[in-house]
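# Examining the three-dimensional arrangement
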Amino acid sequence: MMLMKRRDFLKVGAAAGAMASLYGCAGSGKASGHVVVVGGGYGGATTAKYLRMWSEGGVQVTLIERNPTFISCPISNLVIGGTKTMEDITVSYDGLKNKWGVRVIQDDVVAVDAAKRTISLKAGGTMTYDRLVLSPGIDFMWDQIPALNNPEAQAKILHAWKAGPQTVALRKQLEDMKNGGTYAISIPKAPYRCPPGPYERACLVADYFKKNKPKSKVVILDANEDVMSKKGLFTKAWSDLYKDILEYRPNSEVKDVDVKTTTAVLEFDKFKADVLNVIPPHRAGNIAANSGLKLINNRWVDINWLSMEVNGTPGVHVIGDAIFPAPTMPKSGHMANQHGKLAAAAILNMLSGMEPSPTPVVMNTCYSFVDAKQAIHVASVHQYDAATKTVQPVKGAGGVSVARSELEGKVALGWAKNIWADSLA
Amino acid sequence: MKLLPTVAALSLLAATGAAHAADPNLARNLAATCANCHGTNGNAVKGGGIDALAGVPKDKILQKLADFKSGDKPASIMHQISKGYTDEQLDLIAGYFAAQK
């Protein structure tokens with residue numbers, strides 16, 4: 001810069017002037033354009049709201065979601081345990097529509113044409129976008145559990161890993177099960193959605209059995225070699241609260257099932273349960289996995305952490321459980337909400353001709369119930385690292401609860417109320 | 001022509017600033033990472049049991065955060081989360097929430 005000549009000064013001056021006015025645009029909400037968001041879960045709903053809020057209505061946002069209402073996966077294990085209802089975990093899209101002016105369309109997106117910047121809807125027709133955000137969550141790799149690869153089998157051996165009708169159906173199976181029966185839950189190899197979720201579910205089913213069907217058992221068939229999240233806290237809860245009820249089996253990958261006898265087929269063994277709850281391995285949701293986007297391990301979308309834009313596909317951003325995670329980053333609703341804000345901020349910059357922020361930060365908080373009232377948590381903060389071009393967990397920050405408590409159970413429900421409002425209201 | 005050196009100097013400052021730069025919405029973006037629990041723009045849901053931060057004086061928020069970081073203020077989770085942010089980031093976050101209604 002010291003060697004710069006006068007005419008170069010003038011050029012820089014013009015560029016800086018243009019930049020300053022663009023900065024002004026972003027700050028005063030003058031970004032414009034049309035953003036289509038696909039998927040109205042934690043990630044997509046948050047993106048839609050924050051795009052409208054931060055652009056002060058300057059950016060048009062269309063949210064396409066196949067379900068009529070938002071149903072939360074977090075807290076849904078309490079529905080399965082019998083202490084909460086579906087109504088408790090259901091939130092309307094009216095806040096996004098009426099308060100924030102998001103156009104919400106109940107439909108499915110069947111194709112993305114990233115070159116033409118259009119999407120195709122299941123109901124027919126196409127829609128153009130300036131920027132596209134895919135927040136499709138996960139879909140299951142049914143071919144990994146061959147006998148489950150048909151709708152009849154899937155209606156009998158449930159995953160309940162997407163909150164909705166399967167949540168209700170699993171609760172019903174548990175209610176119908178005889179006292180003295182066995183509930184088995186299988187966990188796929190990591191990475192999978194909600195690392196502590198299966199262990200939480202096992203706890204809450206054990207709590208239900210303890211109080212209502214005390215001769216019954218819970219068995220965890222974990223494909224992983226050890227408990228994947230909050231290990232000390234979960235194992236303590238199991239020994240303190242469910243000693244003769246709950247059994248944990250590591251290295252127990254379910255390879256197939258016998259649907260008729262509700263039997264899990266392991267590598268060298270079989271396990272027959274009365275209620276068999278198989279969580280199959282999963283990957284990025286169909287629309288992200290099948291649209292020619294760059295995948296890692298043929299499963300998760302490869303994104304740029306400054307913008308959540310897909311590497312190699314300009315104009316398309318992917319967030320939430322569908323992405324290849326940064327180091328130690330969990331696939332969680334909380335994290336999807338954070339991705340949504342990162343994407344919204346970056347998109348508004350890009351629609352104003354600016355670069356995305358060079359220093360994004362995301363954080364995670366995750367509560368798990370170990371019985372109907374007591375909960376435990378894990379938290380982490382992830383800061384962008386220019387050297388590795390990813391967000392890295394901050395050393396010395398984050399951590400888990402000292403011990404399970406009813407206080408954390410109350411905070412967990414407060415967390416839910418707040419994140420639902422932050423994402424949708 | 002007398003104006004030129006001043007314009008050039010200002011432009012240079014602007015250009016250098018833009019190259020390294022902090023995003024003009026950095027405080028807003030950082031504060032949004034707190035909103036999952038503390039509410040959009042710090043307006044926590046009433047009755048949710050989690051502190052609202054909107055309109056709380058900056059000094060008060062910073063003192064709380066410093067006490068969480070040092071361990072002086074007992075917490076279930078904030079001592080772990082506050083350590084994930086630099087003091088400069090916490091300053092921006094506190095300033096942003098203080099300015100919200």
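Residues numbered from 1 in each chain as written. Chains lettered and ligands numbered in written order. Predicted model: local features only at pLDDT ≥ 70, side-chain atom pairs only at ≥ 80, totals over all residues. Heavy atoms only, no water.

### Examining the confidence of the model for chain B
Residue and element names in this part refer to chain B. Predicted confidence across chain B gives a mean pLDDT of 85, with 79% of residues reaching 70 or more. Every residue in residues 1–19 is under pLDDT 50, and counting partners more than four places away or in other chains gives 15 contacts. On the interface metric, ipTM, the complex scores 0.91, and its pTM is 0.91. (pLDDT = per-residue confidence, 0-100. Contact = heavy atoms within 4.5 Å.)

### As for the nonpolar core
All names here are of chain A. One finds Ile119, Leu132, Leu134, Trp305, Val318 and Trp420 to be the most contacted residues of the largest nonpolar core, which totals 100 residues. The dominant element in this core, judged by the number of residues it contributes, is helix H10 (residues 333–351), at eight residues. Those residues in contact with Trp305, other than ones at most four positions away along the chain, are Ile323, Phe324, Pro325, Ala326, Met329, His339, Leu342, Pro360, Tyr384, Lys389, Thr390 and Val391. Formed by 53 residues, the second largest nonpolar core is a distinct cluster that contains Phe140, Ile145, Leu276 and Val278. (Core = buried A, V, L, I, M, F, W, Y, C linked by side-chain atoms within 4.5 Å. Buried < 20%, exposed > 50% of the residue type's maximum accessible area, 1.4 Å probe, protein only. Helix = DSSP H or I, 4+ residues; strand = E, 2+ residues; numbered from the N terminus.)

### Section: the pattern of salt bridges
Two side chains carrying opposite charge are able to pair once their charged atoms lie near each other. All names here are of chain A. Evaluation of the coordinates by the stated rule reveals 20 salt bridges over all chains. Among the salt bridges present, the one from Asp176 reaches Lys172, with a minimum N-O distance of 2.7 Å. Of the two residues, Asp176 and Lys172 are both situated in helix H6 (residues 165–176); the distance of four residues between them amounts to about one turn of the helix. Residue Lys172 is classed as partly exposed on the basis of its relative accessible area, which comes to 47%. In this structure, the salt-bridge partner of Lys178 is Asp274, at a minimum N-O distance of 3.2 Å. With a gap of 96 residues between them, Lys178 in the loop between H6 and strand S11 (182–187) and Asp274 in the loop between strand S16 (270–272) and strand S17 (275–278) connect regions that are remote in the sequence. Connected via shared salt-bridge partners are Lys189, Glu253 and Lys255. (Salt bridge = Lys/Arg side-chain N within 4 Å of Asp/Glu carboxyl O.)

### Side note on the domain arrangement of chain A
All names here are of chain A. On domain assignment, one finds that chain A holds domain 1 (31–140 + 283–358) and domain 2 (143–280). Each of domain 1 and domain 2 was reduced to a C-alpha centroid, and the two centroids are 29 Å apart. Residue-level contacts link 20 residues of domain 1 with 23 residues of domain 2. Summed over the three residues of domain 1 that lose the most area to domain 2, namely Asn77, Ile80 and Phe140, the buried surface amounts to 39% of that side. The interface formed by domain 1 and domain 2 includes two salt bridges. Put simply, Asp139 and Lys162 hold a salt bridge, and the shortest N to O gap is 2.7 Å. Summed over the shared surface of domain 1 and domain 2, the number is nine residue pairs in polar contact (both at pLDDT 80 or more). Among the secondary structure elements, those contributing two or more residues to the side of domain 1 that touches domain 2 are helix H3 (76–81) and strand S10 (138–140). Ranked by the residues each element gives to the side of domain 1 that touches domain 2, the list is headed by H3, at six residues. Looking at the side of domain 1 that touches domain 2 residue by residue, the classes come out as 10 nonpolar, six polar and four charged. (Domains from an automatic or database assignment. Buried area = accessible area lost by both parts, 1.4 Å probe. Polar contact = N/O pair within 3.5 Å; in protein donor to acceptor, adjacent residues only side chain to side chain. Nonpolar A, V, L, I, M, F, W, Y, C, P; charged D, E, K, R; others polar.)

### A short note on the packing of aromatic side chains
All names here are of chain A. Applying the stated criterion across every chain, the model contains 10 aromatic pairs over all chains. Note on Tyr50 and Trp54: the rings are 4.9 Å apart at their centroids and 80° apart in plane angle, and the pair reads as edge-to-face. Of this pair, Tyr50 and Trp54 both sit in helix H2 (residues 42–54), four residues apart, which is roughly one turn of that helix. The class of Tyr50 is buried, set by a relative accessible area of 1%. (Phe/Tyr/Trp six-rings, centres within 6.5 Å; stacked < 30°, edge-to-face > 60°.)

### With respect to the packing of H10(A) against helix H11 (residues 406–424) of chain A
All names here are of chain A. The contact between H10 and H11 brings their axes to 11 Å, and the two run at 30°. Comparing the axis directions of H10 and H11 gives the class roughly parallel. In this structure, H10 meets H11 at a crossing whose hand is left-handed. Between H10, through Gly333, His334, Asn337 and Lys341, and H11, the contact on the second element is made entirely by Trp415, Ile419, Asp422 and Ser423. Of the residues contributing to the contact of H10 with H11, the split by class is two nonpolar, four polar and two charged. (Axes fitted to C-alpha atoms, helices over the stretch in contact; angles between N-to-C directions. Parallel < 35°, antiparallel > 145°, perpendicular 65-115°, else oblique. Left-handed = near helix turned anticlockwise from the far one by under 90°.)

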